[in-house]
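A closer look at the structure
Each chain, written out:
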Amino acid sequence: MEGTELKSDDPFDATCQRPDHAVELFFAGRGVTRLHPHFLEMPNLEILWVDHNKLRDLRGIVSRENKNSSVIHKSKSRGLFALKELHAEHNLLEDLGELKSLRFLHTLNLSHNSLRDLDETLGWIGHLKFLRFLELQGNVITEESNYRLRVIWQFPELEILDKHVITPQERGLAEGTYG
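This write-up is about the structure you can find in this document. A quick note: this is a predicted structure, and the numbers were derived from the prediction, not measured. (Residues numbered from 1 in each chain as written. Predicted model: local features only at pLDDT ≥ 70, side-chain atom pairs only at ≥ 80, totals over all residues. Heavy atoms only, no water.)

1. Describing the overall build of the protein chain
For the record, the criterion: Per the convention used, a helix needs a DSSP run of H or I reaching at least four residues, while a strand needs a run of E reaching at least two, with both numbered from the N terminus. Relative accessibility thresholds used throughout: buried, under 20% of the residue-type maximum; exposed, over 50%; partly exposed, between the two (1.4 Å probe, protein chains only). Throughout, the Shrake-Rupley method with a 1.4 Å probe supplies accessible areas, and for residues the shown protein chains are the sole cover considered.
Counting its secondary structure elements, the protein chain contains 3 helices and 9 strands. Reading the helices (α) and strands (β) of the protein chain from amino to carboxyl end gives β-β-β-β-β-β-α-β-α-β-β-α. Within the span of the protein chain, comprising 179 residues, buried residues form 44% of the whole. Counting every atom, the protein chain has about 9,800 Å² of accessible surface; 51% of that belongs to carbon and sulfur.

2. A short note on the packing of aromatic side chains
As a reminder of what qualifies: Classification of ring pairs rests on two measures: the distance between centres of Phe, Tyr or Trp rings, Trp counted by its six-membered ring, which must be within 6.5 Å, and the angle between planes, read as stacked under 30 degrees, edge-to-face over 60 and tilted in between.
For the structure shown, the criterion picks out 4 aromatic pairs. For the pair phenylalanine 26 and tryptophan 49, a centre-to-centre distance of 6.4 Å together with 50 degrees between the ring planes defines the contact as tilted. Note that phenylalanine 26 is positioned in strand 1 (residues 24-26) and tryptophan 49 in strand 2 (residues 47-49), a separation of 23 residues in sequence. Take phenylalanine 26: its relative accessible area is 52%, and that puts it in the exposed class. The class for tryptophan 49 is partly exposed, based on a relative accessible area of 25%. When the centroid spacing of 6.1 Å and the interplanar angle of 40 degrees are considered together, the rings of tryptophan 153 and tyrosine 178 count as tilted. Note that tryptophan 153 is positioned in helix 2 (residues 147-154) and tyrosine 178 in helix 3 (residues 168-178), a separation of 25 residues in sequence.

3. Overview of the side chain of aspartate 51
For clarity, the threshold we go by: It only takes one pair of heavy atoms within 4.5 Å for two residues to be counted as in contact.
For aspartate 51, the position within the fold is in the loop between strand 2 and strand 3 (62-64). Sequence-distant contacts of aspartate 51, defined by excluding residues within four places in its chain, comprise Ala28, Gly29, His87, Ala88, Glu89, His90 and Asn91.

4. Quick word on the sheet that holds strand 1
The criterion, for reference: At least two DSSP bridges between two strands are required for those strands to pair.
The mixed open sheet is built from 7 strands, whose spatial order is 1-2-5-6-7-8-9. In this open sheet, the two strands that pair with only one neighbour each are strand 1 and strand 9 (164-165). Examined bridge by bridge, strand 1 and strand 2 share 3 bridges and lie parallel to one another. Bridge pairing in strand 2 places phenylalanine 26 opposite tryptophan 49.

5. Let's talk about unusual backbone geometry
Leaving glycine aside, a negative phi is the common case for residues, and trans is the common case for peptide bonds. Here asparagine 146, not a glycine, exhibits a phi torsion of approximately 55 degrees, which is positive. Assignment of secondary structure puts asparagine 146 in the loop between strand 7 (133-135) and helix 2. A relative accessible area of 41% places asparagine 146 in the partly exposed class. Phi is positive for aspartate 162, which is not a glycine, with a value near 55 degrees. With respect to the helices, strands and loops of the structure, aspartate 162 is situated in the loop between strand 8 (160-161) and strand 9.

Take a look at the structure:
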């Protein structure tokens, strides 16, 4: 078929490095609907681009031997625990539950997805204390009352929200409103 390019959903096909040595992976625009199990074999990955796909959730970035446990023990789990940047804009994301297992994200782009409830979204990402850059525009949640102030209050170290620098005035207003 001329002009049709088949793209694999296997991340090993997108890197020239040994998977366990890869620190950045560009996996955008492949039309994937799920994350391949091989993502779990990339423990040193720090930057992941999965934008412009058809993902509804991020299952596949973490695997636990005991799925009923809410406590993650690295010795019993595999995943992208070293991840510092996640670019997952322009997908169909509705569920961010897997992000609860990550701790070191400083850049998170979830713009133009299907996030509909701000409280639920903050429940999934509110623990990210290193977060400096957050993109949520293009989701219904940005239309909720006091959206910007609530997000600023949730993340005291956040520097940029939806491509706009957070001002000291906004930080003070968020603290005065929610603190």
